[in-house]
Each structure stands twice: as structure tokens, then as C-alpha cells.
Amino acid sequence: MRKCTLNSEDIDDLYIQIGRKVKKFREDAGITQLELALLIGHKSVGAISVGELYINKKHFNIEQLAKIANVLNKDIRDFF
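None of the values given here were measured: they were computed from a predicted structure. (Residues numbered from 1 in each chain as written. Predicted model: local features only at pLDDT ≥ 70, side-chain atom pairs only at ≥ 80, totals over all residues. Heavy atoms only, no water.)

A. The nonpolar core, seen in detail. One finds Val-22, Leu-36, Ile-48, Phe-60, Ile-68 and Phe-79 to be the most contacted residues of the largest nonpolar core, which totals 14 residues. Elements supplying a minimum of two residues to this core: helix H1 (8–28), helix H2 (33–39) and helix H4 (62–71). Among all residues touching Val-22, those that are not within four sequence positions of it are Leu-36, Glu-52, Phe-60, Leu-65, Ile-68, Leu-72 and Phe-79. (Core = buried A, V, L, I, M, F, W, Y, C linked by side-chain atoms within 4.5 Å. Buried < 20%, exposed > 50% of the residue type's maximum accessible area, 1.4 Å probe, protein only. Helix = DSSP H or I, 4+ residues; strand = E, 2+ residues; numbered from the N terminus. Contact = heavy atoms within 4.5 Å.)

B. The arrangement of the packing of H1 against helix H3 (residues 46–53) in detail. Here H1 crosses H3 at 120°, and the two axes come no closer than 6 Å. Classified by the interaxial angle, the pair formed by H1 and H3 is oblique. From H1, Gly-19, Arg-20, Val-22, Lys-23 and Arg-26 reach across to H3, where they touch Ile-48, Gly-51 and Glu-52. Residue composition of the contact of H1 with H3, grouped by class: two nonpolar, two polar and four charged. (Axes fitted to C-alpha atoms, helices over the stretch in contact; angles between N-to-C directions. Parallel < 35°, antiparallel > 145°, perpendicular 65-115°, else oblique. Nonpolar A, V, L, I, M, F, W, Y, C, P; charged D, E, K, R; others polar.)

C. Highlighting the pattern of salt bridges. On inspection of all chains with the given rule, the structure shows six salt bridges. As a salt-bridge pair, Glu-52 and Arg-26 come within 2.6 Å of each other at their nearest N and O atoms. One end of the pair, Glu-52, is in helix H3; the other, Arg-26, is in helix H1, with 26 residues separating them in the sequence. A salt bridge links Arg-77 to Asp-75, with the shortest nitrogen-to-oxygen separation between them at 2.8 Å. You can call Asp-75 partly exposed: its relative accessible area is 30%. Because the salt bridges share partners, they merge into one network encompassing Arg-26, Glu-27 and Glu-52. (Salt bridge = Lys/Arg side-chain N within 4 Å of Asp/Glu carboxyl O.)

Structure (C-alpha cells):
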């Protein structure tokens, strides 16, 4: 077995990449942040906005990504 060599910058980069892909797929679908938020069960754009931009290290969790993938008709793997 190999020891994990990912550092915190690698993890930050992963969350940034995921947020950018969510934003791209959302915009490609012509859906606003508010519309996406409502479609996945949130009442405001906050979770979508901070997740897309990785503000204060806030990111999408796996449940949110699964819901977003469903709404955007994507495979969850497309975000990685």
C-alpha cells in the first residue's frame, strides 16, 4: 500500500476544479445560481455561489454534487 501524498494545496485545487465545472455545466444549461439552488432544495444562492468559487474553503459535499449532477443531467464523475 502507498502512503497518500496529497497536501492541502492539492485538495484546495480539487475543490476549485469541481466548483469551476459546476459553474460551467450550470451556465451551459442556462440555469442561474438561484434556479440550481432551488432545484437541489436550497432556498438561496449561497451554497451554490460559495461552492462554485470555493469561498472560505466552502465546497460542495457529495450529496450536493449528486443532486447537481442529476439536475444538470451529468454523471457525478464529470465534476472530477
